[in-house]
Amino acid sequence: MTKKLYYTKALLKNELDKCLSCKDKPCQLACPVGCDPNFFIKKAKENDFLSAAKSIREKNPLGEICGLVCPSKFCMQACTRSKMDYPVNIKKIQATILNEVSSENDDVREKRKEKIAIVGAGPAGIGAAVTFVKNGFSCTLFDENEKIGGMINLIPSSRLPIKVIDKEFSSILSLKNLTVKTNEKITNPIILLNKGYDYVVMATGQGQAKELNISGEEYMVDWVKYLKQPNCFLPLKKIAVIGAGNVALDCVNILKMQGVNDIEMFMRRPLYLMRIDKERVMELIEEKVNLHPNMAPVKIEKKGKNFNIVSAKTILKDDELIQTKEESLYEGFDLVINAIGGKSDNQVQHQNIFYAGECKMKASSVVESLADGIQTAYKIMNPLLKKK
Ligand code: SF4
């Protein structure tokens, strides 16, 4: 599954030339953070990489990360060229441009008196923090982990090299007016209001795995535990991954990097409804991952050192997945990973406490969480900026 993440100069030129400079900019309209591919492609064609990178970074503080991990369902699905042959590979162009140009932070606006606390330094928290500080607000970003980034840090390095994460995070950490407090767990946002913060943005994500609520649940390892310390589970031979979204895909990618070849994926949905890009589904097939669509695990059994999975067949009827009584047995797994998704903590209601990102929405991509963090910051800031 190792693919070239960036274009060479010649291939970049080739891809840039595919852009039709559409006046109505469907690519920009489809981008959750409003990046303008029409503009940055035009600048890159003129060899003005600095302006191209600046335009991306103004909208997206995690532009290179998003270029590497964004799903195709946004700008590329909307690209006019996709109706003719193939879409312009906007994501890869974006990643290549930002890989070429080192980042610079913009000047902040006039300093404001309000103090903002943000809890959770994943994409939503980062989006909110960067938006606040660029508009002159003092911001403290809390995270219970040692490093900022949240779930970004769990994306396998085959998709997202650590040096890219470090580069984009160090630019965020160097922002004036931003204080970052890691290794600090905040469970009750009211405490922060009592400490003198005017507003709190809770962007705590979905750091806990959702349960399947089936018999034998205790025999599974959840994706958060597995992705945090995958090497603790070695050696592995035959693994089951339950789930059909990005976290399931991340688990499979890490297993492949660990040299595990016998991987089976179980999903309630049919293949065409998997919540990952079609190209990634094709990669799974090429890599000979054994896919079991329309299979809902109903029981995990322990047999000696191994585990068996009993799965019920599902059918799609009137857009609804129905679990049938037809069951199959799959035997001999060393490890069963529950990768169906995450859930968030209970929420405190208060007029000065706002929720952003995955803890508010259903599981989402990095760019959607980032966009929600940015929008939440504007929701708080706009009335304040009007007052001045
Ligand atoms: S939609 Fe595609 S072809 Fe049109 S401007 Fe955007 S990237 Fe270029």
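Colleague: What am I meant to see in helix α3 (residues 37-45) here?
Modeller: Note: α-helices contain 3.6 residues per turn, so residues at a spacing of three or four share the same orientation. Looking only at α3, the buried set comprises Pro 37, Asn 38, Phe 40, Ile 41, Lys 43 and Ala 44. Elements in contact with the buried residues of α3: α1 (9-16), α2 (26-30), α4 (49-59) and α7 (90-100). One or two residues past the end of α3 sits Asn 47, with phi positive at roughly 70°.

Colleague: I'm lost on a nonpolar patch on the surface in this one. Help?
Modeller: Together, Leu 271, Met 282 and Ile 285 line one region of the surface with nonpolar side chains, adding up to about 250 Å² of accessible area. Looking at the secondary structure, you find Ile 285 in helix α13 (residues 278-286).

Colleague: Which parts of the structure should I look at to understand unusual backbone geometry?
Modeller: As a rule of thumb, non-glycine residues mostly have phi less than zero, and peptide bonds are mostly trans rather than cis. Look at the link from Leu 234 to Pro 235: it is a cis peptide, with omega at -5°. Summarising the element assignment, Pro 235 is placed in the loop between α11 (223-228) and β7 (238-242). Its identity is not glycine, yet Ser 21 carries a phi of approximately 50°, on the positive side. Looking at the element boundaries, Ser 21 is found in the loop between α1 and α2. Relative accessible area serves as the criterion here: at 36%, Ser 21 is assigned to the partly exposed category.

Colleague: Honestly, the state of the cysteines in this entry has me stumped. Any pointers?
Modeller: Two cysteines joined by a covalent bond between their sulfur atoms form a disulfide. In this structure the tally under the stated criterion is zero disulfides. Unpaired in terms of disulfides, Cys 31 finds its nearest cysteine sulfur in Cys 35, a separation of 4.6 Å. Here Cys 31 falls in the buried class, since its relative accessible area comes to 17%. Counting only cysteine sulfurs, Cys 70 is the nearest neighbor of Cys 66, a cysteine outside any disulfide, at a range of 4.5 Å. A relative accessible area of 1% means that Cys 66 is categorised as buried.

Colleague: Before we go on, may I ask you to explain the domain arrangement of the protein in this structure?
Modeller: When the parts come together, some accessible area is lost, and that loss is often what is quoted as the size of the interface. In terms of domains, the protein is made up of domain 1 (9-100), domain 2 (115-207 + 344-387) and domain 3 (209-342). Placing the centre of domain 1 and that of domain 3 at their C-alpha centroids yields a distance of 34 Å.

Colleague: Please explain the packing of α4 against α7 as it appears in this structure.
Modeller: Describing two packed helices takes the angle between their axes plus the distance from one axis to the other. Two elements in contact, α4 and α7, have axes separated by 9 Å at closest approach and are oriented at 115°. Judged by the angle between their axes, α4 and α7 are roughly perpendicular. In the packing of α4 onto α7, the handedness of the crossing is left-handed. Contacts from Phe 49, Ala 52, Ala 53, Ile 56 and Arg 57 of α4 reach α7 at Gln 94, Ile 97, Leu 98 and Glu 100. Split by residue class, the contact of α4 with α7 holds six nonpolar, one polar and two charged.

What counts and what doesn't
Residues numbered from 1 in each chain as written. Predicted model: local features only at pLDDT ≥ 70, side-chain atom pairs only at ≥ 80, totals over all residues. Heavy atoms only, no water. Buried < 20%, exposed > 50% of the residue type's maximum accessible area, 1.4 Å probe, protein only. Helix = DSSP H or I, 4+ residues; strand = E, 2+ residues; numbered from the N terminus. Contact = heavy atoms within 4.5 Å. Patch = residues over 30% accessible without salt bridge, like charges linked within 9 Å, V, L, I, M, F, W, Y side chains within 5 Å. Areas by Shrake-Rupley, 256 points an atom, 1.4 Å probe, with all protein chains shown as cover. Salt bridge = Lys/Arg side-chain N within 4 Å of Asp/Glu carboxyl O. Disulfide = S-S within 2.5 Å. Domains from an automatic or database assignment. Axes fitted to C-alpha atoms, helices over the stretch in contact; angles between N-to-C directions. Parallel < 35°, antiparallel > 145°, perpendicular 65-115°, else oblique. Left-handed = near helix turned anticlockwise from the far one by under 90°. Nonpolar A, V, L, I, M, F, W, Y, C, P; charged D, E, K, R; others polar.

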